[in-house]
Amino acid sequence: MLGPNGSVFMPSVLTLIGIPGLESVQCWIGIPFCVMYLMAVIGNTLILVIIKYENSLHSPMYILLAMLGATDIALSTCILPKMLGIFWFHLMEISFEACLLQMWLLHSFQGIESGVLLAMALDRYVAICNPLRHASIFSQKLLTHIGVGVTLRAAILGAPCLVLIKYRLKFYRTTVVSHSYCEHMAIVKLAIEDIWINKIYGLFVAFTILGFDIIFITLSYIQIFITVFQLPQKEARFKAFNTCITHICVFLQFYLLGFFSFFTHRFGSHIPPYVHILLSNLYLLVPPFLNPIIYGVKTKQIRDHVLTIFVCSKHLNH
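- As recorded in an unreviewed UniProt entry, the protein chain goes by Olfactory receptor and comes from Bos indicus x Bos taurus.
- In its Sequence similarities (unreviewed entry) section, the UniProt entry covering the protein chain states "Belongs to the G-protein coupled receptor 1 family."

Below, the structure written as structure tokens:
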């Protein structure tokens with residue numbers, strides 16, 4: 001139904017155009033994206049299987065790593081199949097409700113991932129700064145509460161975004177979304193009504209989840225570094241620092257990519273739109289792709305089990 005000035009009243013279908021300005025080469029861009037997605041799913045699934053069936057890896061650090069792997073699979077899966085449908089098969093249409101669901105799932109999984117990264121930092125903090133109490137503090141019960149807590153926090157804080165769009169914004173200047181997936185601001189900017197409440201709430205959620213997590217991750221690592229550098233033996237310092245370097249790499253790539261995407265999207269008005277969209281896509285695809293590689297290379301227990309799997313499969317083939 002048409003509204004005033006040719007606007008659309010409560011559209012039932014939206015059109016995702018993919019990467020604006022690069023439509024002619026999207027089919028080629030889809031190839032590395034598909035490879036990264038398959039590697040992410042295979043790598044994270046492998047880590048999940050190893051942690052599940054190896055009793056020696058049922059410690060808090062590895063259980064949190066399993067949570068991270070499951071979240072990475074879900075995060076990349078909620079956007080990439082549809083994205084490849086746009087790039088390769090020109091399946092650009094998506095129902096308004098499905099678009100809102102994708103948006104909510106996407107931002108919920110981002111929030112869950114951030115919460116798991118915070119839990120991993122606190123685990124390292126207790127393990128290094130208060131090792132005698134680590135087993136009693138990071139119990140199975142606490143890990144369950146962390147999993148439920150970070151999931152509910154992300155899901156509940158993200159839900160009002162759905163309500164504010166669905167019941168507050170009625171008229172849309174266009175049904176064409178200049179993006180390759182349904183992102184909060186990409187949908188909100190289509191409306192002709194005042195969107196300041198939607199913008200403010202979106203920023204509130206981002207800073208409540210990501211801002212809170214980053215502050216406490218930073219404080220945890222400051223305390224960890226102080227404790228590590230106070231250790232008397234050089235070998236002990238190296239061993240303690242080595243247990244953290246993997247987590248630091250994962251934190252940095254998740255948050256640096258996120259902030260770069262966030263600030264270029266909001267303040268880089270002179271940057272071409274396709275750069276914004278490519279950065280947003282990479283922010284969601286690179287961490288799930290790199291995380292199992294980082295942990296596989298840097299974590300001896302996981303590396304040994306992966307090698308054992310491949311050696312056994314090679315013997316079976318012969």
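Moving on from the coordinates now.
A word on the overall build of the protein chain
Working step 1: Helix and strand content of the protein chain: eleven helices and five strands.
Working step 2: The C-alpha radius of gyration computed for the protein chain amounts to 22 Å, which stays within 12% of the reference 20 Å derived for 318 residues, consistent with globular compactness.
Working step 3: Taken along the three principal axes of its C-alpha coordinates, the protein chain extends 75 × 50 × 35 Å.
Working step 4: By element, 73% of the accessible surface of the protein chain is carried by carbon and sulfur atoms, the whole surface being about 16,100 Å².
Working step 5: One finds the centroid of the 20 positive side-chain charges in the protein chain at a distance of 7 Å from the centroid of its 13 negative side-chain charges.

Re the sheet that holds strand β5 (residues 176-177)
Working step 1: A sheet is described by the order of its strands in space; here three strands give the open sequence β3-β2-β5, paired in mixed fashion. In this open sheet, the two strands that pair with only one neighbour each are β3 (93-95) and β5.
Working step 2: Across two bridges, strand β2 (residues 13-16) lies against β5 in parallel orientation. Pairing of L16 across the sheet is with V177, part of β5.
Working step 3: Here helix α4 (residues 96-129) sits on the sheet and contacts β2 and β3; the angle it forms with β3, its principal contact strand, is near 85°.

Some thoughts on the state of the cysteines
Working step 1: Inspection of every chain in the model, using the stated rule, returns one disulfide.
Working step 2: There is a disulfide in this structure between C99 and C182, and the S-S distance comes to 1.9 Å. On the sign convention where negative is left-handed, the bridge of C99 and C182, at about -110° about the S-S bond, is left-handed. Here C99, found in helix α4, pairs with C182, found in the loop between β5 and α7 (184-188); they are 83 residues apart in sequence, far enough to count as distant.

Remarks on the UniProt feature "transmembrane region" (unreviewed entry) in the protein chain
Working step 1: Residues annotated by UniProt as "transmembrane region" (unreviewed entry) correspond here to residues 28-51, 63-89, 101-122, 142-165, 200-228, 240-262 and 274-295.
Working step 2: As a span, residues 274-295 carries 100% helix and 0% strand, and end to end its C-alpha atoms are 31 Å apart.

Remarks on the packing of aromatic side chains
Working step 1: This structure, assessed with the given rule, holds eleven aromatic pairs.
Working step 2: When the ring of Y201 is compared with that of F204, the centres are 5.7 Å apart and the planes differ by 40°; the resulting orientation is tilted. Here Y201 and its partner F204 are both found in helix α8 (residues 196-229), three residues apart, which amounts to about one turn of the helix.
Working step 3: The exposure class assigned to Y201 is buried, which follows from its relative accessible area of 17%.
Working step 4: Judged by centre distance (6.0 Å) and plane angle (50°), the rings of Y221 and F225 are tilted. Placement of the pair is Y221 and F225 together in helix α8, with a separation of four residues, close to one helical turn.

Looking at a nonpolar patch on the surface
Working step 1: A cluster of nonpolar residues, V25, W28, I31, V35, M39, W88, F89, L91, I293 and V297, forms a patch on the protein surface that exposes about 970 Å² of accessible area.
Working step 2: Of all elements in the fold, only α1 (26-53), α3 (80-89) and α10 (273-298) reach the threshold of two or more residues within the nonpolar patch.
Working step 3: Here the nonpolar patch takes four residues from α1, the largest share from any one element.
Working step 4: In this structure, V297 sits in helix α10.

Some points on α10
Working step 1: The terminal C-alpha atoms of α10, which comprises 26 residues, lie 36 Å apart, in line with the 38 Å expected from a rise of 1.5 Å per residue.
Working step 2: Remark: the principal bend of α10, roughly 30°, maps to V286, with a proline, P287, within the next four residues.

Considerations on the pairing of β2
Working step 1: In β2, alternate side chains face the same way, and those of L14 and L16 are buried while those of V13 and T15 on the opposite face are not.
Working step 2: In the sheet, β2 pairs with β3 via three bridges, with the strands oriented antiparallel. Note on β3: the bridge partner recorded for T15 is E93.

Some thoughts on the side chain of S76
Working step 1: Here S76 lies in helix α2 (residues 60-77).
Working step 2: Those residues in contact with S76 that lie beyond four places of it in its chain are Y37, P81, L285 and P288.

Quick notes on the packing of α4 against helix α6 (residues 140-168)
Working step 1: Axis separation between α4 and α6 bottoms out at 8 Å; the angle between their running directions is 150°. Viewed along their axes, α4 and α6 adopt a mutual orientation that is roughly antiparallel. Here α4 and α6 pass one another in a crossing that is right-handed. On the side of α4, the interface is formed by F96, E97, L100, M103, W104, S108, G111, I112, S114, G115, V116 and A119, while α6 contributes I146, V150, T151, R153, A154, A155, G158, A159, C161, L162, I165 and K166.

Cut-offs used in this document
- Residues numbered from 1 in each chain as written.
- Predicted model: local features only at pLDDT ≥ 70, side-chain atom pairs only at ≥ 80, totals over all residues.
- Heavy atoms only, no water.
- UniProt positions renumbered as here; feature names shortened; annotations may be inferred.
- Helix = DSSP H or I, 4+ residues; strand = E, 2+ residues; numbered from the N terminus.
- Rg over C-alpha atoms; globule rule 2.2 N^0.38 Å.
- Areas by Shrake-Rupley, 256 points an atom, 1.4 Å probe, with all protein chains shown as cover.
- Lys, Arg positive; Asp, Glu negative; His and termini not counted.
- Charge placed at Lys NZ, Arg CZ, Asp CG, Glu CD.
- Pairing = 2+ DSSP bridges.
- Contact = heavy atoms within 4.5 Å.
- Axes fitted to C-alpha atoms, helices over the stretch in contact; angles between N-to-C directions.
- Disulfide = S-S within 2.5 Å.
- Phe/Tyr/Trp six-rings, centres within 6.5 Å; stacked < 30°, edge-to-face > 60°.
- Buried < 20%, exposed > 50% of the residue type's maximum accessible area, 1.4 Å probe, protein only.
- Patch = residues over 30% accessible without salt bridge, like charges linked within 9 Å, V, L, I, M, F, W, Y side chains within 5 Å.
- Salt bridge = Lys/Arg side-chain N within 4 Å of Asp/Glu carboxyl O.
- Expected span 1.5 Å × (residues − 1).
- Bend = angle between axes of the 7 residues up to and from the residue.
- Parallel < 35°, antiparallel > 145°, perpendicular 65-115°, else oblique.
- Left-handed = near helix turned anticlockwise from the far one by under 90°.

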